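# Coordinate analysis (summary)
Chain residues, written in single-letter form:
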2 protein chains.
Amino acid sequence: MAATVGVAGSAMTRFGRQPDRGVAGSAMTRFGRQPDRGVADLAIDAARAAMADAGIAAEDVDALYLGTFLGRSLQGQGVLASVVAQRLGLGPVATTVVEGACASGGIALRHGMLACRAGAADVVLCVGVDRMTNASSGEITQGLAEAFEAGVDRELGLTFPGFFGLVASAHTARFGTSRDQLSAVSVKNRDHGSGNPDALFSTPVELAAVNEARPIADPLRLLDCSAIADGAAAAVVVRDRAAAPRPDRCVSLLACEQGSGPAAAAAVEDLCSFGATTVAMRAACRAAQIKPADVDVVELHDCFTIAEIIDSEDLAILPHGEAAAAIEAGATRLGGEAATVNPSGGLLSRGHPVGATGLAQVHELVAQLRGEARNQVPGTRVALAHNLGGSGATASVTVLAA
Amino acid sequence: MAATVGVAGSAMTRFGRQPDRGVAGSAMTRFGRQPDRGVADLAIDAARAAMADAGIAAEDVDALYLGTFLGRSLQGQGVLASVVAQRLGLGPVATTVVEGACASGGIALRHGMLACRAGAADVVLCVGVDRMTNASSGEITQGLAEAFEAGVDRELGLTFPGFFGLVASAHTARFGTSRDQLSAVSVKNRDHGSGNPDALFSTPVELAAVNEARPIADPLRLLDCSAIADGAAAAVVVRDRAAAPRPDRCVSLLACEQGSGPAAAAAVEDLCSFGATTVAMRAACRAAQIKPADVDVVELHDCFTIAEIIDSEDLAILPHGEAAAAIEAGATRLGGEAATVNPSGGLLSRGHPVGATGLAQVHELVAQLRGEARNQVPGTRVALAHNLGGSGATASVTVLAA
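Predicted model, so just to flag it, every value in this text is computed and none were measured.

## Focus on the packing of aromatic side chains
All names here are of chain B. Scanning all chains against the criterion turns up 12 aromatic pairs over all chains. A centroid spacing of 6.4 Å and a plane angle of 75° characterise the contact between F160 and F163, whose relative ring orientation is edge-to-face. Of this pair, F160 and F163 both sit in helix α6 (residues 160–175), separated by 3 residues, roughly a single helical turn. What makes F163 buried here is its relative accessible area of 0%. When the ring of F163 is compared with that of F164, the centres are 5.2 Å apart and the planes differ by 85°; the resulting orientation is edge-to-face.

As structure tokens, then:
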């Protein structure tokens, strides 16, 4: 595996040999209720910390990408990338807001990578942010439902918990996925997230508590669902890893790929798989010159317990149709037989300020690749982040390496 | 000039010689009131027409960028790039919504170019869209004001007509810009736009009518202001112009650059110039290896008459402090001494469905470079589009060549 990664590390492109791109630094704010921080404040907090981690000054930054999903609907702030760049003192650099529902953070990272690969930037600041807890639950539900195509299911009252309830029912019908297996995801991730100071929920939960939690959208219960939060995360992407101020602390950015799919539940052909994920994963493996089995640690999009089961299969981290049982048996726990999944605690522990999630995943993986993670996976060489938007309308898969 | 462009046409990058990128096709919907077309419908109408113009089939498209500013605030539609890609039958390609207020369309084009330059795509569909006329004037004013930074001027009631009124007052105070000079911009552009079947306003206006129009935000009057509309525009960007299905109809995309600046009027240092424009213009000239004097035809962001005066100076199409007099003297009219500015009629004629404007500009320039424009500028070799967002929070400058 090390040899494979070595090759990928200075990959040939169709335009010739390029330098090894990297993530030079990363950071996240605490995820939770932060009533005193506006959406721009949160973004700036994460951005400053990521720049400090990278050893990058404001004048070194060539471009800023900012991913947010609810910055408009809940905060009424357009051109947020420019607002943040101005307040950071970046000067008149290229600033772009990108949106792909809950995958907005992963998409921001992808565009940092593309700008470097295109030769348009040497250093790109990528930020993901959302502020949610100042809104009413009705506003939040409606804001999130904007990730569904208008005029189709959402006018019938479908919400995201409702959609993932349908997904869980379909998975149970096809594969016999049990209540205990769904709950096992929550138990594992809350266990991994125990003591995580950045997480909304930093205490473990018992299987019985998940099984008996308040029903939300059958068969999903409260502890099957990630929670809204305020928060931001950021990463500094560099065109040339060797030229980073702290090259030893800079990890390789081997690939960051995107796929897309239907934004209406009625149009999803197979409720047990997200095509956007499988397409992005295939492209990421090709670009990074890795196989799924090469991956040591994964942060994936467990917005609901059932999503982790399906994501694990779509990413080929666990065999198709066998993920629920494997997770229940502990395969993806820290120290398990397969790649460790969501050592940070995932969305289920961390909370899900939607636009921030993709870059919070990257922040955990940077720590893993530096060997400095709270729940360190020993000998981590290859790490993968997976960020899903809406009903599989979009997804990103990022491959990082030591 | 031709020799300069010839060199730029196969520019060296820091990674070696790249193929000549191009815009293979373009299109726009009629701009105006289109109550029967939703925001996705409009985007699809323009996208299909641009693909047909390029001779590109759905299965040839590798990625879609969609620029919109009000798709969330007025239409409540997230992941619009995925919605449009699905309905166009593009398959699971990378889909991204980009936002930079009224420059969202130009930013979409830039990311089509970057994806090609990064080797991530051979063919990218770039779409700009906004639907506005189904909202109340209060909703529209509030939606547009989201391009101001929250917590600064907008809570004091500043609107965009108000901001550009301040800009016009400052320009008048510094340069003596007269009422007739402001009006001359409107007269020229409405004259250029006369008979434009895609434009909201396709009739000329007299100087006296502009001078005496209803006051909006002193000194600006009704005919100083571009009007809201529903509409979309699209362009197909290709990595290798020579490989386009219709290479003879494919124009060269020499550069598409971005700059940024303050999103609060209080933070704008000089109300008579937009730093985002000057930065983007310098970068675009460098990337395209042209000088401002090489430009034959310009579509620039005349959201208000005063904006055209300032843009002409920021882009160095006319000398600093002399644009108002030069425009009044007819320098930028069709057949004038300088580059022709806004032969389409500009935003003042066409209407301004904000996210669509940047790509509608490109659509006019593609026609000019093909020698097929309604108001053809004879012998056009180099064409420039300028798209401005908010109070100069962001801007893009695109250079195309025959």
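## Description of the interface of chain A and chain B
Tallying the contact residues gives 56 residues for chain A and 56 residues for chain B. Along the contact surface separating chain A from chain B lie 2 salt bridges. Residues A:E146 and B:R72 are paired through a salt bridge, measuring 2.7 Å at the closest nitrogen-oxygen approach. Seen at the junction of chain A and chain B, the total is 34 residue pairs in polar contact (both at pLDDT 80 or more). If you list the elements that add at least two residues to the side of chain A that touches chain B, you get α3 (80–88), β5 (94–99), α4 (104–117) and β10 (251–260) of chain A. Across the side of chain A that touches chain B, the residue classes tally to 25 nonpolar, 20 polar and 11 charged. Bridge count for β5(A) against strand β5 (residues 94–99) of chain B is 3 bridges, and the pairing is antiparallel. Within β5(B), the residue paired with A:V98 across the bridge is B:V98.

## Notes on the relation of the copies chain A and chain B
Overlaying chain A with chain B gives an RMSD of 0.0 Å, the required rotation being 180° about an axis along which the chain moves by 0.0 Å. Such values leave the two copies arranged in the relation of a two-fold axis. The residues that chain A uses at the interface reappear at the interface of chain B in 100% of cases, marking a shared surface.

## Some details on unusual backbone geometry
Residues and elements named next belong to chain A. Along the chain, D218 connects to P219 via a cis peptide bond; the corresponding omega equals 5°. Positionally, P219 belongs in the loop between β7 (215–217) and β8 (220–221). The phi torsion at A316 lies on the positive side, around 60°, for a residue other than glycine. Accessibility expressed as a relative area gives 43% for A316, which makes it partly exposed. Positive phi, normally seen in glycine, also occurs at N342, with a value near 55°. Note that N342 resides in the loop between β12 (340–341) and α12 (346–350).

## Let's talk about the confidence of the model for chain A
All names here are of chain A. With 96% of its residues at a pLDDT of at least 70, chain A reaches an overall mean of 95. Low pLDDT, under 50, characterises residues 1–15; the predicted model gives this stretch 35 contacts beyond four residues in sequence or across chains. Two numbers describe this predicted complex: its pTM, 0.96, and its ipTM, 0.96.

## So, the packing of α4(A) against helix α13 (residues 357–370) of chain A
Residue and element names in this part refer to chain A. Axis separation between α4 and α13 bottoms out at 5 Å; the angle between their running directions is 65°. With respect to each other, α4 and α13 are oriented roughly perpendicular. Touching G105, G106, A108 and L109 of α4 are G358, L359 and V362, all from α13. Residue composition of the contact of α4 with α13, grouped by class: 4 nonpolar, 3 polar and no charged.

## Focus on the state of the cysteines
A complete count under the given rule lists 0 disulfides over all chains for this structure. With no disulfide of its own, A:C285 lies 13 Å from the sulfur of A:C256, the closest cysteine sulfur. Classification of A:C285 as buried rests on a relative accessible area of 10%. Note on B:C102: no disulfide assigned, nearest cysteine sulfur contributed by B:C303 at a separation of 6.9 Å. Taking the relative accessible area as the measure of exposure, B:C102 reaches 12% and is therefore buried.

Criteria and thresholds
Residues take numbers from 1 onward in each chain, read along the sequence in its written order. For naming, the first written chain is A and the first written ligand is 1, with later ones following in the order written. Local features in a predicted model are, by the rule used here, given only for residues with pLDDT of at least 70; side-chain atom pairs are given and counted only at 80 or more, and totals for whole chains, interfaces and linings are based on all residues. The basis for every side-chain value is the complete set of heavy atoms in the structure, and neither hydrogens nor water enter the calculation. Aromatic pairing here means that ring centres of Phe, Tyr or Trp (its six-membered ring) are within 6.5 Å. Orientation follows from the plane angle: under 30 degrees is stacked, over 60 is edge-to-face, and everything else is tilted. To qualify as a helix, a DSSP run of H or I must reach at least 4 residues; to qualify as a strand, a run of E must reach at least 2; elements of each kind are numbered from the N terminus. The rule is simple: take the accessible area with a 1.4 Å probe, protein chains only, and divide by the maximum for that residue type; under 20% is buried, over 50% is exposed, in between is partly exposed. The contact criterion used is simple: two residues touch if any of their non-hydrogen atoms lie within 4.5 Å. Salt bridge criterion: a side-chain nitrogen from Lys or Arg within 4 Å of a carboxyl oxygen from Asp or Glu. N or O atoms closer than or at 3.5 Å make up a polar contact, with two conditions inside protein: a donor-capable atom paired with an acceptor-capable one, and, for residues adjacent in sequence, both atoms drawn from side chains. Each residue gets one label: Ala, Val, Leu, Ile, Met, Phe, Trp, Tyr, Cys and Pro are nonpolar, Asp, Glu, Lys and Arg are charged, and the others, such as Gly, are polar. Only when DSSP finds a minimum of two bridges between them are two strands counted as paired. Copies are brought into register by a least-squares superposition over C-alpha atoms of residues with pLDDT of at least 70 in both. As a per-residue quantity, pLDDT reports the predictor's confidence and falls between 0 and 100. Only the stretch in contact is used when fitting a helix axis, every axis being a line fitted to C-alpha atoms; angles between N-to-C directions are given from 0 to 180 degrees. If an angle is under 35 degrees, it is roughly parallel; if it is over 145, roughly antiparallel; if it lies from 65 to 115, roughly perpendicular; otherwise it is oblique. In this description, the term disulfide denotes a pair of cysteine sulfurs within 2.5 Å.

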